[in-house]
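# Observations on the model geometry
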Amino acid sequence: MDSIVRTMRIIWRAELLIIEAKLGVAAKKIGATAFAGLIFVFGLGMLNVAGFFALEEIWGPVYAALGVAIADFLIAALLMVWGSRLSTGPELDLAREVRDSGLEELEAKAEDIQDEFEELRSELYALKANLVSFSKNPLDGAITALLTPILTLLIKTLSSKKE
């Protein structure tokens, strides 16, 4: 029973490690996305103004604004792609392996317990059958139980008298 509890604790800890790893990656992704949004806002505010003034003389006011906006969107898209490619790493795989091996061990123990219950059930059915047969005709059981030792004693006595 202690090994089952120990195995369940190992599985619980492995599940916690998996959750922690996933939450860590999720927090990094959220942070990267928020940072990308912040850069996007500052990019629109500062770089747009500076780029607009720099490009206004060359392209005119309309194309200067469009060029600065496209550059901001590209920077934000690159940060979003980087944030979406973050992964959990090898610790998540290790935690999954520990969890899976713990579950396999619990399944094996459950099968052993089930086999023991099947054996116990068979023995109880045999005991029930014996009790039913004894209750129907108690003299048969008593005669068999008494007759064997009496015959053994009789044979020993007769064999000892002949010698």
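### Comments concerning the overall build of the chain
Per the secondary structure count, the chain includes four helices and zero strands. Helices and strands in the chain line up, N terminus first, as α-α-α-α. Taken over C-alpha atoms, the radius of gyration comes to 41 Å for the chain, far larger than the 15 Å a tight globule of 163 residues would show. On the principal axes, the C-alpha backbone points of the chain span a range of 140 × 35 × 20 Å. Looking at the chain as a whole, 15% of its 163 residues qualify as buried. The contacts in the chain between residues at least 6 apart in sequence include a share of 81% that link residues at least 24 apart. For the chain, the computed accessible surface area is about 12,900 Å², with 69% contributed by carbon and sulfur atoms. Of the charged side chains in the chain, 16 are positive and 22 negative, and the gap between their average positions amounts to 11 Å.

### Structural notes on the confidence of the model for the chain
In this model, the chain carries an average pLDDT of 81, and 90% of its residues clear a pLDDT of 70 or more. No element of the chain has a lower mean pLDDT than helix H4 (residues 138–162), which averages 73, and none a higher one than helix H2 (residues 61–84), which averages 85.

### Some words on the packing of helix H1 (residues 2–59) against H2
It is the contact of H1 with H2, at a shortest axis distance of 7 Å, that shows an interaxial angle of 160 degrees. One finds that H1 runs roughly antiparallel with respect to H2. Considering only the axes of H1 and H2, their crossing is right-handed. Per-class residue counts for the contact of H1 with H2 are 21 nonpolar, seven polar and three charged.

### Observations regarding H2
Since there are 3.6 residues in each turn of an α-helix, residues three or four apart along the chain are aligned in direction. Between the first and last C-alpha of H2 there are 35 Å, a value that for 24 residues agrees with the 34 Å anticipated at 1.5 Å per step. Within H2, the full set of buried residues consists of Ala64, Val68, Asp72, Ala76 and Gly83. The secondary structure elements touched by the buried residues of H2 are H1.

### A short note on the environment of Val81
Following the sequence through the fold, Val81 ends up in helix H2. Under the relative-accessibility criterion, Val81 is labelled partly exposed at 40%.

### Re H1
Gly43 marks where H1 bends most, by close to 35 degrees. Of all the positions in H1, only Ile4, Thr7, Ile11, Ala14, Ile18, Ala21, Val25, Ala32, Ala36, Gly43, Asn48 and Gly51 are classed as buried. Backbone geometry just downstream of H1 places Gly60 in the positive-phi region, at approximately 100 degrees.

### Re the environment of Ile4
Structurally, Ile4 is set in helix H1. Dropping the residues within four chain positions of it, Ile4 is found in contact with Leu106, Lys109 and Ile113.

### Quick look at the pattern of salt bridges
Tallied over the entire structure, the rule returns five salt bridges. Arg99 is paired through a salt bridge with Asp100; the nearest N and O atoms lie 3.4 Å apart. On the accessibility criterion, Asp100 (35% relative accessible area) is partly exposed. Across the pair Glu105 and Lys109 runs a salt bridge whose closest N-O atoms are separated by 3.1 Å. Within this pair, Glu105 and its partner Lys109 are both found in helix H3 (residues 90–136), separated by four residues, close to a single helical turn. A residue is classified by how much of its surface remains accessible, and Glu105, at 30% relative accessible area, is partly exposed.

What counts and how
Residues numbered from 1 in each chain as written. Predicted model: local features only at pLDDT ≥ 70, side-chain atom pairs only at ≥ 80, totals over all residues. Heavy atoms only, no water. Helix = DSSP H or I, 4+ residues; strand = E, 2+ residues; numbered from the N terminus. Rg over C-alpha atoms; globule rule 2.2 N^0.38 Å. Buried < 20%, exposed > 50% of the residue type's maximum accessible area, 1.4 Å probe, protein only. Contact = heavy atoms within 4.5 Å. Areas by Shrake-Rupley, 256 points an atom, 1.4 Å probe, with all protein chains shown as cover. Lys, Arg positive; Asp, Glu negative; His and termini not counted. Charge placed at Lys NZ, Arg CZ, Asp CG, Glu CD. pLDDT = per-residue confidence, 0-100. Axes fitted to C-alpha atoms, helices over the stretch in contact; angles between N-to-C directions. Parallel < 35°, antiparallel > 145°, perpendicular 65-115°, else oblique. Left-handed = near helix turned anticlockwise from the far one by under 90°. Nonpolar A, V, L, I, M, F, W, Y, C, P; charged D, E, K, R; others polar. Expected span 1.5 Å × (residues − 1). Bend = angle between axes of the 7 residues up to and from the residue. Salt bridge = Lys/Arg side-chain N within 4 Å of Asp/Glu carboxyl O.

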